[in-house]
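Observations on the three-dimensional arrangement
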Amino acid sequence: PFFVNRGGLPVDEPTWERMWRHVGRIHPEGDRVAQRIRGAADLPKIPIPSVPVFQPSTPIPERLEAVQRYIRELQYNHTGTQFFEIKKSRPLTGLMDLAKEMTKEALPIKCLEAVILGIYLTNNMATLDRFPISFKTHFSGNYFRHIVLGVNFGGRYGALGISRREELMYKAPVFRTLSELIFDFEEAYRRCWHTLKKVKLGHCVSHDPHSVEQIEWKHSILDLDKLTREDFRKELERHARDMRLKIGKGTGPPSPTKDRKKDVSSPQRGQASPHRRNSRGDRRPSGEKKPADSKAMPDLNGYQIRV
């Protein structure tokens, strides 16, 4: 037995069962509401957002607006049930398969899912640099976390994403520096009565959807309690310079599949690739000491090289 989503596609039954159990817990007549919805035959057809398709001549800023419009049309997931399980340690190819599933099921999403979807929908924009930006804020005795996809086109910075707050997601690529972009997010948080505590910046993500590399989520970790305002700005610009140098040297977002076509015995090796070694060696947790990562490489047996 299975259920279907608003796109008419089969969805795993346990996911929907969790949804109905959640409704039963938070609604006074939750069980009856769930049964009434399940048994209704005359429910209106919910429109399915269309994945944006671009002409080669479409400017990058217009494409970014269309991608953000699509993410917004999926709507923010307020249900309390996460529909898609995203493990940050998965290879990029696995995350892109998950993003494709998101476009098929057309279910509401949260901020991390929006980042993965943003990467998937901008893979064909070769002149666009994409990198994750994570925020940790404090409000009313609690800490909150949020993530967006930073973008850089023609030397101008912006962001894609989704949030409950309009000012904490999309930023058009108009900011001259990375620090201007981050300060704009900080001011948006201040208007929501949140205090920005930490910013984590990743490196540029490969445009190869079949890459078995992992996304580098935390190349720079900036603790605002340990940095002056000027030091914070300098660290942001240093990270931006690191990304430019990495791309300029040709070490940023390579396709490991191209380098390993002749050796497809196993993508999992005891010795890490030069790109991963350099990435970890160059990782600089600015303003905060971070212990060395001792995790073993993830199981990549399910992600064999695709030609």
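Residues numbered from 1 in each chain as written. Predicted model: local features only at pLDDT ≥ 70, side-chain atom pairs only at ≥ 80, totals over all residues. Heavy atoms only, no water.

The name an unreviewed UniProt entry assigns to the protein is VASH1 protein, from the organism Eulacestoma nigropectus.

To continue, consider the sheet that holds strand β3 (residues 129-139). Taken in spatial order, the six strands make up an open sheet running β6-β5-β4-β3-β7-β8, and their pairing is antiparallel. Unpaired on one side and paired on the other, β6 (171-175) and β8 (220-223) mark the two borders of the sheet. The mean inter-strand angle of the sheet, taken between neighbouring strand axes irrespective of direction, is 25°. (Pairing = 2+ DSSP bridges. Helix = DSSP H or I, 4+ residues; strand = E, 2+ residues; numbered from the N terminus. Axes fitted to C-alpha atoms, helices over the stretch in contact; angles between N-to-C directions.)

Any aromatic ring pair is given by two values, namely how distant the centres are and how the planes are angled relative to each other. Under the definition given, this model contains four aromatic pairs. Relative to Tyr 157, the ring of Phe 131 lies with its centre 6.3 Å away and its plane at 80°, an arrangement referred to as edge-to-face. Note that Phe 131 is positioned in strand β3 and Tyr 157 in strand β5 (residues 156-160), a separation of 26 residues in sequence. Look at Phe 183 and Phe 232: their rings are 5.8 Å apart centre to centre, the planes differ by 55°, and that puts the pair in the tilted class. (Phe/Tyr/Trp six-rings, centres within 6.5 Å; stacked < 30°, edge-to-face > 60°.)

Once that is clear, we can look at the nonpolar core. Nonpolar side chains in soluble globular proteins tend to end up buried together. Among the nonpolar cores identified, the biggest contains 38 residues, and Met 102, Ile 109, Ile 116, Leu 117, Ile 119 and Ile 215 are the most heavily contacted of them. Only α3 (60-74), α4 (92-105), α5 (111-121) and β4 (142-153) provide two or more residues apiece to this core. The greatest single-element share of this core, amounting to eight residues, is contributed by α5. By size, the runner-up hydrophobic cluster in this structure holds 25 residues, among which are Leu 178, Ile 182, Leu 196 and Leu 201. (Core = buried A, V, L, I, M, F, W, Y, C linked by side-chain atoms within 4.5 Å. Buried < 20%, exposed > 50% of the residue type's maximum accessible area, 1.4 Å probe, protein only.)

Using the criterion set out here, one finds eleven salt bridges in the structure. Arg 190 is paired through a salt bridge with Glu 187; the nearest N and O atoms lie 2.5 Å apart. Residue Arg 190 and its partner Glu 187 are both found in helix α6 (residues 178-191); the two are separated by three residues, about one turn of the helix. Accessibility expressed as a relative area gives 34% for Glu 187, which makes it partly exposed. For Glu 235, the salt bridge is made with Arg 238, and the minimal N-O distance between the two is 3.5 Å. Of this pair, Glu 235 and Arg 238 both sit in helix α7 (residues 229-248), three residues apart, which is roughly one turn of the helix. (Salt bridge = Lys/Arg side-chain N within 4 Å of Asp/Glu carboxyl O.)

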